[in-house]
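The lines below spell out each chain.
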Amino acid sequence: MTNSNRRNFIKSVSGVSLAAAMGMGISLRAGAAVKAKIVVVGGGYGGVIAAKYLKMAEPGLEVVLIEQNKRYVSCPLSNEVLAGLGNIEHLTFGYEGLARRGITVVHDTVEAIDPQARKVMISGGKSFDYDRVIVSPGVDFKWGAIKGYDEEASQTIPHAWKAGPQTTLLANQIKDMKDGGVVIITVPDNPFRCPPGPYERAALIAHYLKQNKPRSKIILLDAKDKFSKQGLFLQGWTQHYGDIISESSKEKYGSMIEWVPASKGGEIDAINAATRTAMSVVGKEFKADVLNVIPPQHAGKIAHTTGLVNPKGWCPVDFKTFESTMHKNVHVIGDACVGGAMPKSGYAANSQAKVAVAAIIASLRGVDPDEPAYLNACYSLITPEHGISVTAIYQVKDGQLVEVPNSGGVSPIDVSPAFRKIEVAHAKSWLKNITTEMFG
Amino acid sequence: MRLQIAGVALAIGLSFSAATQAGAVSGSMLGNTCAGCHGINGASAAETMPIIGGQGKGYLETAMKNYRDGSRASTIMGRIAKGYNDEQISAMSAFFAKQPWVSAAQPTDAKLAKQGEKLYAKSCKMCHANNGTKAAEDGPPRLAGQWTTSLRLYLDCVNDAKCANKHPMREQLFGKASKADIDALLQFFASKK
């Protein structure tokens, strides 16, 4: 490069950056009037927040939320219903608040998404064009992965892993069970929706049985050797359900909850729905009075038919935008996406929705997206007065979504009953605030 | 030639500041992650979660730093606060400070509130001015319209000798006050919106 060439080069470089800086200034200032059509598929913890925050950030956006159910039933805190502590109605929400905010709420089934034509097709041949689509379908069950367990079998052997009629079915079976009965909960390998959920479920069912049917047992058949908040759960189980004694006869029934890890033959690969029997991979049979199968899971069906999943059945995304790495202009949030260090939880879906919305808004305005921020907080109840939690803050490092070091974590192991009780109160406040954030 | 050098310096300066800004997380991005527990823009709708939208920036910043170093007791906030550096705490505090304060929708007992007013005038007014409605930029927090349950969680701890919470009036007020006095005081703050 000669001297004069270099001079020209420098001139043009500074010219370009000046123009870029000016351009940025203009589009930032003009940020008010962004026109685009965004379709959100799925109205749960992720999709509802995405729709609402899109509209809050840019009232001029056309936002369509497509959800098959008219009412949403929260999975978080639905284990309380199994213990007779809560009413499913208190976990049920309508979409009227979103409609009032100018979001078009469509109750229908999404049949297909065409990422090339940018169209979402619903039943009856109707379709919606989009500039961006946010896909938040949650999980689907891998029917048949456990031999003998399909959708039909779930009508008598509940999974209760999507809240609603399934929750009521399981609650009724537990209520109808004889004293001295055995409740079996089968737990899949990671990753799955709500990692601490099965262990909270065991605790809350135990809370009910201890008072009503103290001779009964709960067996967790696990496809893993360790689990979420394990130390805190084991402590709580022992403390409250480790030494059951009959109030009338003072008879000792011992420990109510038994956890069978994979290494001890806990992993099951078949059930017999008629005899309520679970068969482990090592050939052991476990006979239940109430059998609750939490099946292996993958991303919701629409993610598969749209070609958004990896070979394991989850949707890989760019963690800074939650845009699919398989299709442009398609963002996947919540349980369906590969969440890196983030668990498949309601709070994680909520947090991911906001990152996706910020990225979409920035892209529509033609500016760089904000550096993202992510958080998760999950409460579990062991009794109505004993709550525990886990929380984490995340960041993107070398393209991976990882926890910020030396932060977050689970509740301390050595705290007072008062501390555990406050965590229960916070769990309830959490439900109130996060559902108000969604539907209010 | 001199002009061109200045131009290059300007371009480099621009790109550096752009890079710093791109690496920083905005207050709204950070603040929105709190909404699941504290409500949209910090307007908590639930009684144990304090309203933080419209609270003073200095107070919010101090609270987060105290949670982080353990000098304020918590069940979960200590673990959460450890995830943020000073710059991020400052940014999220500024975000919440500029939000409107939305008082808690909670029932109040007018008779108790009247009793509480006397205690307020005697012991609280000097710092928590204007009936506790003031959220100073760099002073004590707003208490009027706050969820009484969240205030009680804080106060229960102030009264516990083992608790980390330090309040300037710990000895003079809370050590001597009866439960009835505190109830009345909380009703006074609940009645002022």
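In this text, all values refer to a predicted model and were calculated from it rather than measured experimentally.

Some remarks on the overall build of chain B
In terms of helices and strands, chain B carries 10 helices and zero strands. Counting helices and strands in the order they occur from the N terminus, chain B gives α-α-α-α-α-α-α-α-α-α. Per-residue burial over chain B gives 48% buried out of 193 residues. In chain B, 70% of the contacts between residues at least 6 apart in sequence involve partners at least 24 apart.

Examining the overall build of chain A
For chain A, the count of helices and strands is 10 helices and 27 strands. Its C-alpha atoms give chain A a radius of gyration of 25 Å, within 12% of the compact-globule value 22 Å for 440 residues. With the C-alpha coordinates aligned to their principal axes, the bounding extent of chain A is approximately 100 × 55 × 45 Å. Out of the 440 residues in chain A, the part that is buried amounts to 55%. Of the contacts made within chain A by residues no fewer than 6 positions apart, 64% connect residues no fewer than 24 positions apart. Summed over all atoms, the accessible surface of chain A reaches about 18,600 Å², with 53% contributed by carbon and sulfur. Side-chain charges in chain A split into 48 positive and 41 negative, and the spacing between the mean points of these groups amounts to 5 Å.

Quick look at the confidence of the model for chain A
A residue-level look at chain A finds 92% of positions with pLDDT of 70 or above and a mean pLDDT of 93. Counting interchain partners and residues more than four positions distant, the pLDDT-below-50 stretch residues 1–31 of chain A has 16 contacts.

Observations concerning the domain arrangement of chain A
Residue and element names in this part refer to chain A. Splitting chain A by domain gives domain 1 (32–68 + 108–141 + 298–371) and domain 2 (153–296). Taken over C-alpha atoms, the centre of domain 1 sits 35 Å from the centre of domain 2. Residue-level contacts link eight residues of domain 1 with 10 residues of domain 2. Of the charged contacts in the structure, one is a salt bridge between Lys162 and Asp140, with a shortest N-O distance of 3.2 Å. Across the side of domain 1 that touches domain 2, the residue classes tally to four nonpolar, one polar and three charged.

A word on the interface of chain B and chain A
Contacts between the two partners involve 37 residues from chain B, matched on the other side by 44 residues from chain A. Taken together, both faces of the contact between chain B and chain A bury some 3,200 Å²; the carbon and sulfur share is 65%. Interface area lost by chain B to chain A is led by Met29(B), Thr75(B) and Arg79(B), which between them contribute 21%. Across the chain B-chain A interface, the total number found is one salt bridge. We note a salt bridge from Arg79(B) to Glu423(A), for which the minimum N-O separation is 3.5 Å.

Quick word on helix α7 (residues 230–241) of chain A
All names here are of chain A. Its 12 residues give α7 an end-to-end C-alpha distance of 15 Å, which sits within 8% of 16 Å, the value for a rise of 1.5 Å per residue. Every buried residue belonging to α7 is among Gln230, Leu232, Phe233, Gly236, Trp237, His240 and Tyr241, and all of these are buried. Down the axis of α7, the smallest arc covering the buried residues is 160°, so these residues share one side. α7 presents Thr238 and Gln239 as exposed residues on the side facing more than 90 degrees away from its buried surface.

So, unusual backbone geometry
With an omega dihedral of -5°, the bond running from Asn190(A) to Pro191(A) counts as a cis peptide bond. The topology assignment puts Pro191(A) in the loop between β11 (182–187) and α6 (197–212). Positioned with a positive phi, Phe322(A) is a non-glycine residue whose angle comes to about 60°. Following the sequence through the fold, Phe322(A) ends up in the loop between β21 (317–318) and β22 (323–324). With a relative accessible area of 0%, Phe322(A) lands in the buried category. Its identity is not glycine, yet Asn41(B) carries a phi of approximately 55°, on the positive side.

Some points on the nonpolar core
Within the largest apolar cluster, 137 residues are counted, with the highest numbers of intra-cluster contacts made by Leu54(A), Ile218(A), Trp237(A) and Phe322(A). For Trp237(A), the contacting residues outside a window of four places in its chain are Tyr199(A), Ala202(A), Ala203(A), Leu220(A), Phe227(A), Gly242(A), Ile257(A), Trp259(A) and Ile382(A).

Details of the sheet that holds strand β17 (residues 277–280) of chain A
Two pairing modes exist for strands in a sheet, parallel and antiparallel, and in both the strands are linked by backbone hydrogen bonds. All names here are of chain A. One open sheet accounts for three strands, arranged β16-β17-β18; its pairing is antiparallel. Because the sheet does not close on itself, it has two edges, and the strands there are β16 (268–272) and β18 (285–287). Direction aside, neighbouring strands of the sheet carry axes that sit 25° apart on average. Relative to β18, β17 runs antiparallel, the two being bridged by three bridges. When the sheet's bridge partners are listed, Met279 is paired in β18 with Glu285.

Notes on the sheet that holds strand β15 (residues 257–260) of chain A
All names here are of chain A. The four strands are arranged β15-β12-β11-β19 in an open sheet whose pairing can be described as parallel. Among the strands making up the open sheet, the edge pair consists of β15 and β19 (290–293). Neighbouring strand axes in the sheet, compared pairwise and without regard to direction, differ in orientation by 15° on average. With four bridges connecting them, strand β12 (residues 217–222) and β15 associate as parallel partners. Paired with Ile219 across the two strands is Glu258, which belongs to β15.

Describing the packing of helix α2 (residues 47–57) of chain A against helix α10 (residues 417–439) of chain A
All names here are of chain A. The contact between α2 and α10 brings their axes to 8 Å, and the two run at 55°. For the element pair α2 / α10, the angle class is oblique. Contacts between α2 and α10 involve Val48, Ile49, Lys52 and Tyr53 from the first element and Thr436, Glu437, Met438 and Phe439 from the second. Grouping the constituent residues of the contact of α2 with α10 by class yields five nonpolar, one polar and two charged.

Conventions adopted
- Residues numbered from 1 in each chain as written.
- Chains lettered and ligands numbered in written order.
- Predicted model: local features only at pLDDT ≥ 70, side-chain atom pairs only at ≥ 80, totals over all residues.
- Heavy atoms only, no water.
- Helix = DSSP H or I, 4+ residues; strand = E, 2+ residues; numbered from the N terminus.
- Buried < 20%, exposed > 50% of the residue type's maximum accessible area, 1.4 Å probe, protein only.
- Contact = heavy atoms within 4.5 Å.
- Rg over C-alpha atoms; globule rule 2.2 N^0.38 Å.
- Areas by Shrake-Rupley, 256 points an atom, 1.4 Å probe, with all protein chains shown as cover.
- Lys, Arg positive; Asp, Glu negative; His and termini not counted.
- Charge placed at Lys NZ, Arg CZ, Asp CG, Glu CD.
- pLDDT = per-residue confidence, 0-100.
- Domains from an automatic or database assignment.
- Salt bridge = Lys/Arg side-chain N within 4 Å of Asp/Glu carboxyl O.
- Nonpolar A, V, L, I, M, F, W, Y, C, P; charged D, E, K, R; others polar.
- Buried area = accessible area lost by both parts, 1.4 Å probe.
- Expected span 1.5 Å × (residues − 1).
- Arc of directions from axis to C-beta.
- Core = buried A, V, L, I, M, F, W, Y, C linked by side-chain atoms within 4.5 Å.
- Pairing = 2+ DSSP bridges.
- Axes fitted to C-alpha atoms, helices over the stretch in contact; angles between N-to-C directions.
- Parallel < 35°, antiparallel > 145°, perpendicular 65-115°, else oblique.

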